[in-house]
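Spelled out, the chains give:
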Amino acid sequence: MAGVEKQINQMISFIEVEAREKAKEIETAANEDFTIEKQRLVEAEKLKIRKDYERKEKQVEVQKKIGQSNEIKAARLKVLKLREEILTELVADAQKQLAHITANREGYKNLLRSLIVQGALKLNEPRVTVACRAVDRDLVQSVIASAAAEYQAKCGKPVDISIDTRTVLAPECSGGVVMAGFNGKIRLDNTLDTRLELAYEGLLPEIRTRLFGKSQIQI
């Protein structure tokens, strides 16, 4: 009986030792799994933080580039606006100079004749009318005959030139004439204002280069 009890106690002790060892193995494995999982979570969080930082850094860089681009664009627009203001002043000054042309009566008279001859040649009609300012009517009337003669000398055929009494150019007009042919259906604007505008448009690239140099500005 004593021997059986001893064997039982030995078995109990063995089982307890096995249980403790197994528990220790389980605890060790659990600790290792916990450590691995914790490390995995830490690394995943680190990666997430790095990616988030890189994303925000890229956003800051993009915003910085957009800001720089907007500043450059605003500066370019400011320069272009200033240049346009200078060109507008230039045209305004040229417009004022037209008054000096009409003030020189003899010179303006010759100019009117040239404008009428030019208009008649472009219209190429047997009958043309000339509209002008009220203050220019006498001057225009005084050059019609010589203008018709010059026209005939240039193209070898006569032309009937008369003043359009129904149309009077506005006092704001700087001078010159508006001519019509084909019973008024074809009109030719040969006023000083229009001639200045056409000259400005034609010379604008050259004017820009002379005033501002060869432009590198792009918007």
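Residues numbered from 1 in each chain as written. Predicted model: local features only at pLDDT ≥ 70, side-chain atom pairs only at ≥ 80, totals over all residues. Heavy atoms only, no water.

Structurally, Asn190 can be placed in strand S4 (residues 186–191). A polar atom in the side chain of Asn190 sits 3.0 Å from the backbone oxygen of Leu115. (Helix = DSSP H or I, 4+ residues; strand = E, 2+ residues; numbered from the N terminus. Polar contact = N/O pair within 3.5 Å; in protein donor to acceptor, adjacent residues only side chain to side chain.)

Formed by 26 residues in total, the largest nonpolar core has its most connected members in Ile116, Val130, Val140, Ile161, Val177 and Met179. Contributions of two or more residues to this core are made by helix H2 (105–123), strand S1 (127–133), helix H3 (137–155), strand S2 (160–169), strand S3 (176–181) and helix H4 (192–212). Sequence-distant contacts of Val177, that is, excluding residues within four places in its chain, are made with Leu112, Leu115, Ile116, Val130, Ala131, Cys132, Val140, Leu169, Leu188, Asp189, Asn190 and Thr191. (Core = buried A, V, L, I, M, F, W, Y, C linked by side-chain atoms within 4.5 Å. Buried < 20%, exposed > 50% of the residue type's maximum accessible area, 1.4 Å probe, protein only. Contact = heavy atoms within 4.5 Å.)

In this structure, the largest pocket encloses a volume near 320 Å³. As for the largest pocket, its lining consists of 16 residues, of which Thr129, Ala180, Gly181, Asn183 and Gly184 are closest to the centre. Of all elements in the fold, only S1, S2 and S3 reach the threshold of two or more residues within the lining of the largest pocket. It is S2 that contributes the most residues to the lining of the largest pocket, 5 residues altogether. Residues that form the lining of the largest pocket fall into these classes: 4 nonpolar, 6 polar and 6 charged. (1 Å grid on protein atoms, 1.4 Å probe; cavity = no way out; pocket = protein on both sides within 12 Å on 5 of 7 lines; lining within 4 Å. Points joined across faces, edges and corners; volume = space filled by probe spheres on them. Nonpolar A, V, L, I, M, F, W, Y, C, P; charged D, E, K, R; others polar.)

This part covers H3. In a regular helix each residue adds 1.5 Å, so 19 residues correspond to 27 Å; H3 covers 26 Å between its end C-alpha atoms and thus fits that length. Taken together, the buried positions of H3 are Leu139, Val140, Val143, Ile144, Ala147, Ala148 and Tyr151. Residues of H3 that are buried make contact with H2, S1, S2 and S3. Just downstream of H3, Gly156 is the residue with a positive phi angle, here 80°. (Expected span 1.5 Å × (residues − 1).)

Here we come to the pattern of salt bridges. A complete count under the given rule lists 5 salt bridges for this structure. Residue Asp136 is joined to Arg133 by a salt bridge in which the shortest nitrogen-to-oxygen separation is 2.8 Å. (Salt bridge = Lys/Arg side-chain N within 4 Å of Asp/Glu carboxyl O.)

Okay, the confidence of the model for the protein chain next. Mean pLDDT over the protein chain: 86, with 97% of residues reaching 70 or higher. Confidence, read as mean pLDDT per element, is least for helix H1 (residues 2–103) in the protein chain (79) and greatest for S1 (97). (pLDDT = per-residue confidence, 0-100.)

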